[in-house]
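As a plain string of letters, each chain reads:
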Amino acid sequence: MAGGHPWARRLYSAALLALAPLLWWRVWREHRAGRSRGERLGWIPASSAAERPLWLHCASVGEVQAAWPLIEALRHRYPQRRLVITTMTATGAERAVALAEKLRHAGDGAEVSHYFLPLDFPCAARRFVTRLRPGLAIFFETELWPNLLAACSRRGVPVAVVNGRLSTRAFRTYRRLPRLMREALSHVTWLGAKSSQDAERFEALGMAAQATTITGSLKFDIALNDEAFDVSERLRTMLGERPVWVAGSTHSGEDEVLLATHARVRETLPEALLILVPRHPRRFEAVAELCAEHGLACARRSKSETPDAETAVYLGDTMGELRALYGAADLAFVGGSLVPVGGHNLLEPAAMGVPVLTGPELANFEDVAEMLREHDALVEVADGNDLGSTLTRLFGEPAERRRLAEAGRTVVETNRGALVRTLEGLDALLPE
């Protein structure tokens, strides 16, 4: 692989150290009770010399959820190796810990544990890798931390980037740091890219073409289990025949628009119910207050409140249930798309057989959106007013809803296979 530029990483490290107070403030916020903030400096329990766990890094809750099929496959494929998941965010940690606990009870594969990813200070990165002693480091999607990658290389740890993607915005940002990115990517042993476009962008930054495989997106390999469908069926039975739509993974500035949209929908369809699922748990209380401000009666799932005929909004203020909540609806709007966030996973409602609606901000899922468009399986709206009129129209067109649902489910099924190709790439790094 092409040589790097260590001095560029030294400048990067100096900049990180200058920003240390701000970074530590963010760490202070992104925390989980009962966990030491020392993890952010690489202070984790030392693995035994013989253990050599597999290490998978996912930035946040969405990446943990998307990596779920890979997590299950790795723990069954390598049952003798502990699987360590790291995250940057507290919500990601909550989800990873919940999944680890679920798998621990199942007891049919490798142990799964979680740590917070250390800040990318040189000393913290070296300490983390030295104490963890991973047999393989797997970075999910766009997580490229120069000092962590260099620490892995120094310790002889093979590094894989899986489901590798570079949005237009991320690519533009990284291109401003060509020497730093070339040095960072020189430490990546194998890249499993989501698409040919992503592969070309990584190669433009310095990734070796011969170390790159186009695997497709792991997000199509959604693990559908009976539990999610059972929850959906029970909830739908409880809600009855009223029109129901979900707005999932919503953000600040978007919830206000969605609640106003729902109020307009109820002028035509007074029985309509919105299942509102904010992206971040810390916003649950604020969104409940927003419902009250809009004069919309709200029932909260976290409090086991049952929506009745007067309930306008059912607040999905729990973790790990979004997929099941999507499955209980007639229509699903995927959030982060009416505000400049870049959208969220369009495939979750599609996999559950629910028509998918989105706003115009789709930078993070443009490749997935294009596949859905090609099969006429995506409804795109410009703003809240457009969303309201589209919802009202589709509630009155059951045949069109069925067509959209079937088209979306077909896209998911026909694009599966990235998991097999990803595992083949990882097997080559762990030949035993």
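Residues numbered from 1 in each chain as written. Predicted model: local features only at pLDDT ≥ 70, side-chain atom pairs only at ≥ 80, totals over all residues. Heavy atoms only, no water.

Undergrad: If you had to explain the sheet that holds strand 11 (residues 313-315) to someone new, which residues and values would you point to?
TA: One open sheet accounts for 7 strands, arranged 10-11-9-8-12-13-14; its pairing is parallel. The strands lining the two open edges of the sheet, one partner per strand, are strand 10 (298-300) and strand 14 (378-380). Across the sheet, the mean angle separating the axes of adjacent strands is 25° when strand polarity is ignored. Relative to strand 9 (residues 273-278), strand 8 (residues 244-250) is paired through 6 bridges, and the arrangement is parallel. Opposite Ala247, over in strand 9, you have Leu276 as the bridge partner. (Pairing = 2+ DSSP bridges. Helix = DSSP H or I, 4+ residues; strand = E, 2+ residues; numbered from the N terminus. Axes fitted to C-alpha atoms, helices over the stretch in contact; angles between N-to-C directions.)

Undergrad: Account for the side chain of Thr358, with residues named and values stated.
TA: Relative to the elements of secondary structure, Thr358 occurs in strand 13 (residues 356-358). Among the residues examined, Thr358 registers a relative accessible area of 0% and is labelled buried. Among the polar contacts listed, one links the side chain of Thr358 to the side chain of Ser337, at a separation of 3.4 Å. With near-sequence residues (within four places) excluded, Thr358 lies in contact with Phe333, Val334, Ser337, Leu346, Leu378, Val379, Glu380 and Val381. (Buried < 20%, exposed > 50% of the residue type's maximum accessible area, 1.4 Å probe, protein only. Polar contact = N/O pair within 3.5 Å; in protein donor to acceptor, adjacent residues only side chain to side chain. Contact = heavy atoms within 4.5 Å.)

Undergrad: How would you sum up the sheet that holds strand 1 (residues 54-57)? Please name residues and give values.
TA: In sheet architecture, strand pairing relies on hydrogen bonds along the backbone and comes in two forms, parallel and antiparallel. Spatially, the 7 strands line up as an open sheet ordered 3-2-1-4-5-6-7, and their pairing is parallel. Looking at which strands have only one partner, the edges of the open sheet turn out to be strand 3 (112-116) and strand 7 (212-214). Adjacent strand axes in the sheet meet at a mean angle of 20° when their direction is disregarded. In this structure, strand 1 lies alongside strand 2 (residues 83-87), joined through 4 bridges in parallel fashion. Bridge pairing in strand 2 links Trp55 to Val84. Its contacts with the sheet put helix 5 (residues 90-106) on strand 2 and strand 3, and the angle it makes with strand 3 is roughly 165°.

Undergrad: Got a sec to walk through the nonpolar core? Specific residues and values, please.
TA: Formed by 38 residues in total, the largest nonpolar core has its most connected members in Leu235, Ile275, Leu346, Val368 and Leu372. Elements with a contribution of two residues or more to this core: helix 11 (226-239), strand 8, strand 9, helix 14 (322-327), strand 12 (331-334), helix 15 (347-351), helix 16 (366-374) and helix 18 (398-414). With sequence-adjacent residues up to four places away left out, Leu346 is seen in contact with Val334, Val356, Thr358, Leu362, Phe365, Val368, Ala369, Leu372 and Leu378. Core analysis: the second largest hydrophobic core is formed by 35 residues, Tyr115, Val159, Phe171 and Ala199 among them. (Core = buried A, V, L, I, M, F, W, Y, C linked by side-chain atoms within 4.5 Å.)

Undergrad: Account for the environment of Ala363, with residues named and values stated.
TA: Along the chain, Ala363 falls in the loop between strand 13 and helix 16. Through-space distance from the C-alpha of Ala363 to that of Ala160 is 24 Å; in sequence the pair is 203 residues apart. When sequence neighbours within four positions are dropped, the list of residues in contact with Ala363 reads Ser167 and Gly342.

Undergrad: Any details on the packing of aromatic side chains? Residues and values, ideally.
TA: With the rule as written, the count across this model stands at 2 aromatic pairs. Among the aromatic residues, ring-to-ring pairing joins Trp55, Phe128 and Phe139 into one connected group. The ring of Trp28 carries Arg37 above its face, with NZ or CZ at 3.6 Å from the centroid. (Phe/Tyr/Trp six-rings, centres within 6.5 Å; stacked < 30°, edge-to-face > 60°. Lys NZ or Arg CZ within 6 Å of the ring centre and 35° of its normal.)

Undergrad: Please provide a residue-by-residue account of the packing of helix 1 (residues 6-18) against helix 9 (residues 178-185), values included.
TA: Between helix 1 and helix 9, whose axes approach to 8 Å, the crossing angle comes to 110°. Relative to helix 9, the element helix 1 lies roughly perpendicular. For the pair helix 1 and helix 9, contact is made by Pro6, Trp7, Ala8, Arg9 and Tyr12 and by Arg179, Leu180 and Glu183, respectively. Per-class residue counts for the contact of helix 1 with helix 9 are 5 nonpolar, no polar and 3 charged. (Parallel < 35°, antiparallel > 145°, perpendicular 65-115°, else oblique. Nonpolar A, V, L, I, M, F, W, Y, C, P; charged D, E, K, R; others polar.)

Just distances and angles here, no functional claims.
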